[in-house]
Amino acid sequence: MALSRVERLQVWLFKALTGLLFALFRFFSPRGSAALSGKRLPPVGHPLLLESATQLARKIRRKEVSSVEVVQAYIDRIQEVNPFLNAVIKDRFAAALQEAAQVDKLIEEETGGEDVLEDRLPFLGVPLSVKESFSLQGMPFATGLVSRRGVVATVDAPPVALLKRAGAIPMGVTNTSELCMWMESHNHLHGVTNNPYDLERIPGGSSGGEGSILGAAGAVIGVGSDIGGSIRMPCFFNGIFGHKTTPGVVSHDNQHPQCSGRQEEYVSTGPMCRYAEDLLPMLRIMAGPKASMLSLDAEVDLKKLRFFTIPHDGGSPFTSPVSRELIDVQRKVAERLEADLGVEVREVRLPELRYGFPIWDTYITLRDNDGKPPRPFAELMGDSGPPAWPLWELLKWLVGRSEHTMAAIGLALMERTHHSKPAPFIIQQKEKLQREVEELLGTDGVFLYPSHPRVAPRHHHPLFRPFDFVYTGIISILGLPVTQCPLGLGEEGLPLGVQVVAGRLQDHLSLAVALYLEKTFGGWREPGGKP
């Protein structure tokens with residue numbers, strides 16, 4: 001069905017506004033740092049940096065290596081690469097080394113044997129990075145908002161607390177986009193984070209600091225949150241694994257900003273890591289008592305799954321066309337699945353996907369069951385003070401006086417275009433898409449879907465293509481679990497990847513496919529390494 005005249009006008013207005021904002025940004029903003037132009041990250045030097053968290057924990061338990069050695073190796077790597085990346089915005093290295101020494105002492109004194117430690121403390125002594133929007137006791141908790149400078153977390157967010165209880169050692173907190181609502185990790189409190197594969201490109205957002213430091217081998221496991229792609233885009237752009245959990249399984253408490261309206265139905269917290277074998281044990285820990293909702297202990301026979309591939313969204317006027325190299329690599333995945341497993345990967349088209357952005361934009365602003373709307377973004381920008389005035393902030397930005405990024409100002413401006421009532425047509429398209437996807441997947445199906453229309457864009461270029469995130473965003477609105485999987489490096493030496501989507505509460509299926517894809521396509525590649 002073609003867009004109505006009103007919808008075409010809305011598309012034109014959105015594109016005109018974003019084009020104007022991007023032009024203003026290019027004209028008035030300072031140019032990027034020439035000092036980083038053309039530079040590359042130092043190669044990984046320490047072999048411990050090339051082990052999964054699961055392998056490191058096993059070696060620590062067996063006293064083949066000490067936790068202090070592992071933590072020190074990651075401290076050295078962070079200090080080596082962070083000047084290039086600006087990913088870790090506050091470290092806790094001294095405390096981490098003390099905790100690592102306590103781990104080594106605990107292992108020396110343990111009389112129950114390795115199995116007892118593995119069962120009780122599966123990630124004992126392993127370094128962990130944490131997205132700064134998660135509360136980590138004693139660390140900054142500003143989420144890139146200048147007015148929250150000086151806010152320090154007093155407790156741990158539940159997933160962080162559970163990972164610490166499992167023995168993981170936090171190394172520090174990583175950068176985000178302003179208030180976690182943009183696909184580039186840039187704010188006026190901590191600055192811009194860079195992509196380890198090309199310092200002039202974005203690492204994604206809002207978990208971009210996590211993606212960047214993980215992709216650079218400055219971390220082995222981390223935590224992220226995702227309501228529109230904030231785990232999956234950084235994982236895609238930085239060539240690592242990530243999992244957006246079925247909503248409602250992993251706690252979202254003690255994160256900033258908190259959800260409002262019906263956003264709890266779409267937001268997910270999940271693991272990010274370089275090695276696929278770490279995804280499932282991390283998720284089991286992070287889910288806590290709700291892990292029983294997922295069949296994480298079930299064995300998955302990939303040959304018995306039903307596979308589908310969706311190459312693009314059908315040509316939405318809001319999004320860029322999917323690049324040829326991403327279409328090709330997704331086709332190669334389908335071909336390998338068929339050749340290796342003897343399955344049929346059926347290509348399907350879902351016409352409602354072309355309405356992905358209006359669907360996401362409508363549902364993210366729905367009122368809750370009590371009729372209360374989500375907290376306006378302008379209010380979040382004002383934090384505990386009065387709401388931000390986006391037009392005034394835009395004028396201030398033009399003369400370099402605003403505390404907010406152009407992306408945040410643009411979002412607050414676009415928020416004012418929302419209708420008071422959702423369009424019935426968009427509600428119908430979402431409900432139809434939901435039924436089609438649930439029937440397609442059942443409890444034994446997965447489908448492949450592009451993570452983004454193109455590889456990691458250059459800094460600030462998403463301002464001109466702000467709706468491309470909907471390739472991940474629409475999956476959030478459908479409430480489905482999805483694992484982001486790297487597929488090697490492309491023509492420009494940038495990571496390629498694909499989303500593997502499963503049915504609700506069938507997280508174990510996409511996690512099993514991730515293990516297969518890692519073995520088949522090589523998983524994470526060191527920045528600067530071979531494609």
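These numbers come from a predicted model, not from an experiment.

A. Just the overall build of the protein chain, in detail. Secondary structure summary: the protein chain contains 17 helices and 13 strands in total. A compact globule built from 531 residues would reach a C-alpha radius of gyration of about 24 Å, and the protein chain, at 22 Å, matches this within 12%. Taken along the three principal axes of its C-alpha coordinates, the protein chain extends 70 × 55 × 50 Å. In the protein chain, buried positions account for 61% of the 531 residues. For the protein chain, the proportion of contacts with a sequence separation of at least 24, taken over those separated by at least 6, is 77%. Roughly 21200 Å² of accessible area belongs to the protein chain as shown, and the carbon and sulfur atoms make up 53% of that amount. Taken as two groups, the 56 positive and 60 negative side-chain charges of the protein chain have centres that lie 5 Å from each other.

B. Local environment of the domain arrangement of the protein chain. For the protein chain, the assigned domains read domain 1 (31–366 + 422–521) and domain 2 (367–421). Of note, the centres of domain 1 and domain 2, computed from C-alpha atoms alone, are 27 Å apart. Between domain 1 and domain 2, the residue contacts involve 25 residues of the former and 23 residues of the latter. Summing both partners gives a buried area of about 1800 Å² for domain 1 against domain 2, and 63% of it is carried by carbon and sulfur. Looking at the side of domain 1 facing domain 2, the largest losses of area belong to Glu 178, Leu 179 and His 188, adding up to 25% of the total buried there.

C. Region of the structure containing the pairing of strand β13 (residues 495–502). Of all 8 residues that make up β13, 8 are buried, and the element is covered over most of its length. Judged by which residues are buried, β13 turns out to be covered on both faces: Pro 495, Gly 497, Gln 499 and Val 501 on one side and Leu 496, Val 498, Val 500 and Ala 502 on the other are all buried. Sheet topology places strand β11 (residues 445–449) next to β13; 4 bridges connect them, and they run antiparallel. Following the sheet pairing, Leu 448 is matched in β13 by Val 500. As paired elements, strand β12 (residues 482–489) and β13 share 6 bridges and run antiparallel to each other. Along β13, the bridge assignment pairs Cys 485 with Val 498. Between β12 and the antiparallel strand that follows it, β13, lie 5 residues; Gly 493 among them carries a positive phi value of about 75°.

D. Geometry of a nonpolar patch on the surface. A cluster of nonpolar side chains, Trp 389, Trp 392 and Leu 395, forms an exposed patch at the surface whose accessible area comes to about 420 Å². In this structure, Trp 389 sits in the loop between α12 (377–382) and α13 (390–398). Here Trp 389 falls in the exposed class, since its relative accessible area comes to 62%.

E. Here's a closer look at the sheet that holds strand β2 (residues 127–131). Across the sheet, which stays open at both edges, the 11 strands sit in the order β1-β3-β2-β6-β8-β7-β12-β13-β11-β9-β10 with mixed pairing between neighbours. Two strands bound the open sheet, and with one partner strand each, they are β1 (88–91) and β10 (345–347). Ignoring strand direction, the axes of neighbouring strands in this sheet form an average angle of 25°. Where helix α15 (residues 424–441) meets the sheet, it contacts β9 (306–309), β10, β11 and β13, and its direction lies at approximately 120° from that of β11.

F. Structural detail: the UniProt feature "domain: Amidase" (unreviewed entry) in the protein chain. Residues given the UniProt feature "domain: Amidase" (unreviewed entry) here are residues 69–509. Helix makes up 35% of residues 69–509 and strand 14%, whereas the separation of the span's terminal C-alpha atoms amounts to 35 Å.

G. Geometry of the pairing of β2. Counting buried residues along β2, 5 of its 5 residues qualify, which places the element largely inside the surrounding structure. The alternating pattern of β2 places Pro 127, Ser 129 and Lys 131 and Leu 128 and Val 130 on opposite faces, both of which are buried. For β2 and strand β3 (residues 169–174), the ladder comprises 5 bridges, and the chain directions are parallel. Bridge pairing links Leu 128 to Pro 170 in β3. Running through helix α6 (residues 158–165), the crossover from β2 to the neighbouring parallel element β3 is right-handed. Direction of pairing for β2 relative to strand β6 (residues 221–226): parallel, over a ladder of 2 bridges. Paired with Ser 129 across the two strands is Gly 222, which belongs to β6.

H. Summary view of the UniProt feature "active site" (unreviewed entry) in the protein chain. Those places that UniProt annotates as "active site" (unreviewed entry) correspond, in this numbering, to Lys 131, Ser 206 and Ser 230. Look at the named residues: they lie 100 residues apart in sequence, but the longest C-alpha span between them is just 10.8 Å, so in the fold they bunch up. Relative to the helices and strands, Lys 131 resides in strand β2. When near neighbours in sequence (up to four residues on either side) are disregarded, Lys 131 contacts Thr 174, Thr 176, Cys 180, Ser 206, Ser 207, Glu 210, Val 223, Gly 224, Ser 225 and Ser 230. On the basis of relative accessibility, which here comes to 1%, the residue Ser 206 falls in the buried class.

I. Fine view of helix α11 (residues 356–363). Within α11, 8 of the 8 residues are buried, leaving the element largely enclosed by the surrounding structure. Of all the residues in α11, the buried ones are Gly 356, Phe 357, Pro 358, Ile 359, Trp 360, Asp 361, Thr 362 and Tyr 363.

J. Quick peek at unusual backbone geometry. Each neighbour pair has its own omega, and for Gly 205 with Ser 206 the value is 5°, a cis peptide bond. With respect to the secondary-structure elements, Ser 206 resides in the loop between β5 (191–192) and α7 (208–215). Pro 257 follows His 256 through a cis peptide bond whose omega is -5°. With respect to the helices and strands, Pro 257 occurs in the loop between β7 (241–244) and β8 (268–273). With phi around 55°, Thr 143 is a residue other than glycine that occupies positive phi space. Its place among the elements puts Thr 143 in the loop between β2 and α6. For Thr 143, a relative accessible area of 0% corresponds to the buried category.

K. Quick peek at the environment of Leu 283. Relative to the helices and strands, Leu 283 is located in helix α9 (residues 279–287). Given a relative accessible area of 0%, Leu 283 falls into the buried group. Between the alpha carbons of Leu 283 and Pro 462 there is a distance of 31 Å; along the sequence they are 179 residues apart.

Quick notes on the rules
Residues numbered from 1 in each chain as written. Predicted model: local features only at pLDDT ≥ 70, side-chain atom pairs only at ≥ 80, totals over all residues. Heavy atoms only, no water. Helix = DSSP H or I, 4+ residues; strand = E, 2+ residues; numbered from the N terminus. Rg over C-alpha atoms; globule rule 2.2 N^0.38 Å. Buried < 20%, exposed > 50% of the residue type's maximum accessible area, 1.4 Å probe, protein only. Contact = heavy atoms within 4.5 Å. Areas by Shrake-Rupley, 256 points an atom, 1.4 Å probe, with all protein chains shown as cover. Lys, Arg positive; Asp, Glu negative; His and termini not counted. Charge placed at Lys NZ, Arg CZ, Asp CG, Glu CD. Domains from an automatic or database assignment. Buried area = accessible area lost by both parts, 1.4 Å probe. Pairing = 2+ DSSP bridges. Patch = residues over 30% accessible without salt bridge, like charges linked within 9 Å, V, L, I, M, F, W, Y side chains within 5 Å. Salt bridge = Lys/Arg side-chain N within 4 Å of Asp/Glu carboxyl O. Axes fitted to C-alpha atoms, helices over the stretch in contact; angles between N-to-C directions. UniProt positions renumbered as here; feature names shortened; annotations may be inferred. Right-handed = clockwise from strand over helix to strand, strands pointing away.

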